[in-house]
Amino acid sequence: MSKIDGIIIQVRARLQELGIKLWLEPYYLETLGSVETEIVNLAEDFSHNLGISKSDCKLALSELQEGALRKLKAREEFSATGIATFSVRCIKNRQSTQSIVEVKCPLSSLGSELQKNIAQILNIEDPTRIKCISAGKIVNPEQTLLHQDIKNNQQLMVIISELDKKEQMEEDVMHDRIQKIKKDVETIVDSNKQLFEMEDQDGNPVFLPPAENRSILIAMGICEKARVAMKYERYDEALILLLEADEKFTACNSKFLEAVDNYALLNLDIVWCYLCLKNVTQLPDAQRRLDICENNFRRSYGENLQRLINLKGEGCAEKALIMRLHLLQGVVLFHQNQHNEASEKFEIAENELLALKVDDKSIETLVEMGYEPHEARLGLRARGGDIEQAINYIHDHHEKLNETRKYSRKERKLNHKLSSRNRDKNWVNPRSVCTLMEMGYSSNMVVQALRDSRNDLSKALNLLQNHPEELSRKLPSHRSADIELMQQLQQLGFSESYVRIALETTRNNLERAIDFLIKMYTDEEDLAKFVERMTTIAAEQGAPSTSTGLNSLAQRIAQRAMNEIESLNAYNRFKQDFIDNEMDYLDLPLIQEEQILEEYKHLLK
């Protein structure tokens, strides 16, 4: 933040305190414009009161007066014509520069019209390279500005997908990259192979109804790519991805969002991007998001992290996130001119940062011993810098993670099996199924009890104990595999045993049985050979009508298998530049945080 920005904050607060309106007499006259002598006198008074030089006070007053007059003029124009005026701050991440332009557009216009108007002013040929952000949401090009609650005189943030020579050659601009990421993540999540699975940081799987599971998996996948962009300091790209993920998260009604810290981290990362892009126009949204983050942390970790400390000890890695939260809260308070409160937050953040710092030589020692840098840093933080204890911590963490994943293998396997039958209306939690089956009940009875009780474990147990006959009557009768469908699938080369299992498992639903059979092909090479075989069958010319039907079926199956190949390709693209570290979001080097803390402490002085 520049020096003049800090001065403007203080001068604006002083004007509000005294009730001074710079666009009225004696500071402004319709016939003469700005009254220089009055502005100079006010600057002298403010200089004495605020301890700021007279020239800086005068500059701040002049800027604030010009801004107020522009808003007044825009308000009058809007009343007369319905055309809204926006102050648009354009972010160019790679050059770390910003520019502010004034853009006009009726609120009845679509978001795409606003994009076109901005593109015209900025001499950008392709308006789709422009992403407008209003109050922490990406402006939808296909909805009206009024429908998106955008108002006259509102400040907008604009991120432009910039081109450099290398990108022009590769035709890979940020806009295209983001679209590819979104498409790849959706392809991966929709794959039958369940390439993405949710688990907590201890390795326990997280199960949700299918629709909510899909939304959250897509959101989390986009968040992971956003963090990659943040590591490379592409904060403009990261912000767009995070806001896209935010839409997916907020579309989910599950209490899951309140129970874990994923949504809190999303909001924390968004505000971090605002700060790194030096964008204060989103200040109200930053405050809202930090409040969400703090409340979510309190629910997940307990008051003053007490629940987390009881579970993991004093050295819990989540303290780095709390430190970043307090730092960002201090920054927001500073920009709200609440300097005393900001100072308190900065002091808390500074103490937390000092406690989290570890010796670089100790990290190097552990790396030389074969540990990853993130393991070394987190281990040393957790054990107060003691190398030997850090090694024990790393090994204990790995053993616990492996043990948890091994223990949950049965639940995961059951979830895969149920996924062929589970839909939102009859979804059952695999963990509850396992729990009740361990008590000796059959899987069919357990699944029916959980469906009847809407996944209430105690109610399901009551049904199993006290109403077994009623549950038995509701069980679907066993269906043998349909002979005609079996013959069709066998003619395509599937073995009789697999076809029978597929049809009986899916109750002779051909489409789901096809998905079941395709899951047998575990890698791209096997799938490619399978597609080739199906394509050959589909291309064969057969006179009988049954042959024509078989050709059509082979073609559909080939297409389904090709979709799975694309899922694997999408997954490989997703993993590019990806750090295979489930604790990556906790591994904050804290170098930037320390620099920002020093900058704002200096500004407070």
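Everything quoted here is computed from the prediction, not taken from an experiment.

Glancing now at the overall build of the chain. Assigned secondary structure in the chain consists of 28 helices and seven strands. Pairs at least 24 residues apart make up 64% of the contacts formed inside the chain by residues separated by at least 6 positions. Accessible area of the chain: about 31600 Å², with a carbon and sulfur share of 48%.

In the UniProt entry, the feature "coiled-coil region" (unreviewed entry) is given for residues 332–359. As annotated, residues 332–359 comprises 79% helix and 0% strand, and the C-alpha atoms at either end are separated by 31 Å.

Between helix α6 (residues 174–189) and helix α8 (residues 235–250), the shortest axis-to-axis distance is 11 Å and the interhelical angle comes to 35 degrees. At the point where α6 passes α8, the crossing takes the right-handed sense. On α8, the residues that touch M174, R177, I178, I181, K182 and E186 of α6 are D236, E237, I240, L241, E244 and K248. Looking at the contact of α6 with α8, its residues break down into five nonpolar, no polar and seven charged.

Of all five residues in strand β5 (residues 130–134), five are buried; the element is thus mostly enclosed. With four bridges connecting them, β5 and strand β7 (residues 155–160) associate as antiparallel partners. Looking at β7, one finds that C132 is bridged to V158. In terms of strand pairing, β5 meets strand β6 (residues 137–138) through two bridges, oriented antiparallel. Residue pairing for β6: I133 is matched across the bridge by I138. If you look at the hairpin formed by β5 and β6, you'll find two residues sitting between the two strands, and A135 has a positive phi there, around 50 degrees.

Relative to each other, helix α15 (residues 360–368) and helix α16 (residues 373–382) sit at 130 degrees, their axes nearing to 9 Å. Compared by their axis directions, α15 and α16 come out oblique. In the crossing of α15 with α16, the sense of the turn from one axis to the other is right-handed. When α15 is examined against α16, the residues S362, I363, L366 and V367 are found in contact with a partner set consisting of P373, A376, R377 and L380.

What follows covers unusual backbone geometry. Going from E25 to P26, the amide bond is cis rather than trans, its omega being 5 degrees. As for its position among the elements, P26 is in the loop between α1 (3–18) and β1 (28–29). You will see that A135, though not glycine, has its phi angle at about 50 degrees, which is positive. The phi dihedral of D149 falls on the positive side, at around 65 degrees, and the residue is not glycine. With respect to the element layout, D149 can be found in the loop between β6 and β7. Among the residues examined, D149 registers a relative accessible area of 53% and is labelled exposed.

Turning our attention to the state of the cysteines. What the rule picks out here adds up to zero disulfides. Of all cysteine sulfurs in the structure, the one in C276 sits closest to C273, which takes part in no disulfide; the separation is 6.5 Å.

For the structure shown, the criterion picks out seven aromatic pairs. Judged by centre distance (5.4 Å) and plane angle (85 degrees), the ring pair of F334 and Y600 falls under edge-to-face. Within this pair, whereas F334 is found in helix α13 (residues 319–335), its partner Y600 is found in helix α28 (residues 591–604), the two being separated by 266 residues in sequence. Of the two residues, F334 and Y600, neither departs from the other in class, the shared state being buried. Ring geometry for Y521 against F530: centres 4.5 Å apart, planes inclined by 25 degrees, an arrangement best described as stacked. Grouped by ring-pair contacts, the aromatic residues F196, Y571 and F574 constitute a single cluster. Against the face of F574 rests K225, its NZ or CZ located 5.4 Å from the ring centre. Seen from the ring of W272, R324 lies directly overhead, with NZ or CZ sitting 3.9 Å from the centre.

Reading the values: the criteria
Residues numbered from 1 in each chain as written. Predicted model: local features only at pLDDT ≥ 70, side-chain atom pairs only at ≥ 80, totals over all residues. Heavy atoms only, no water. Helix = DSSP H or I, 4+ residues; strand = E, 2+ residues; numbered from the N terminus. Contact = heavy atoms within 4.5 Å. Areas by Shrake-Rupley, 256 points an atom, 1.4 Å probe, with all protein chains shown as cover. UniProt positions renumbered as here; feature names shortened; annotations may be inferred. Axes fitted to C-alpha atoms, helices over the stretch in contact; angles between N-to-C directions. Left-handed = near helix turned anticlockwise from the far one by under 90°. Nonpolar A, V, L, I, M, F, W, Y, C, P; charged D, E, K, R; others polar. Buried < 20%, exposed > 50% of the residue type's maximum accessible area, 1.4 Å probe, protein only. Pairing = 2+ DSSP bridges. Parallel < 35°, antiparallel > 145°, perpendicular 65-115°, else oblique. Disulfide = S-S within 2.5 Å. Phe/Tyr/Trp six-rings, centres within 6.5 Å; stacked < 30°, edge-to-face > 60°. Lys NZ or Arg CZ within 6 Å of the ring centre and 35° of its normal.

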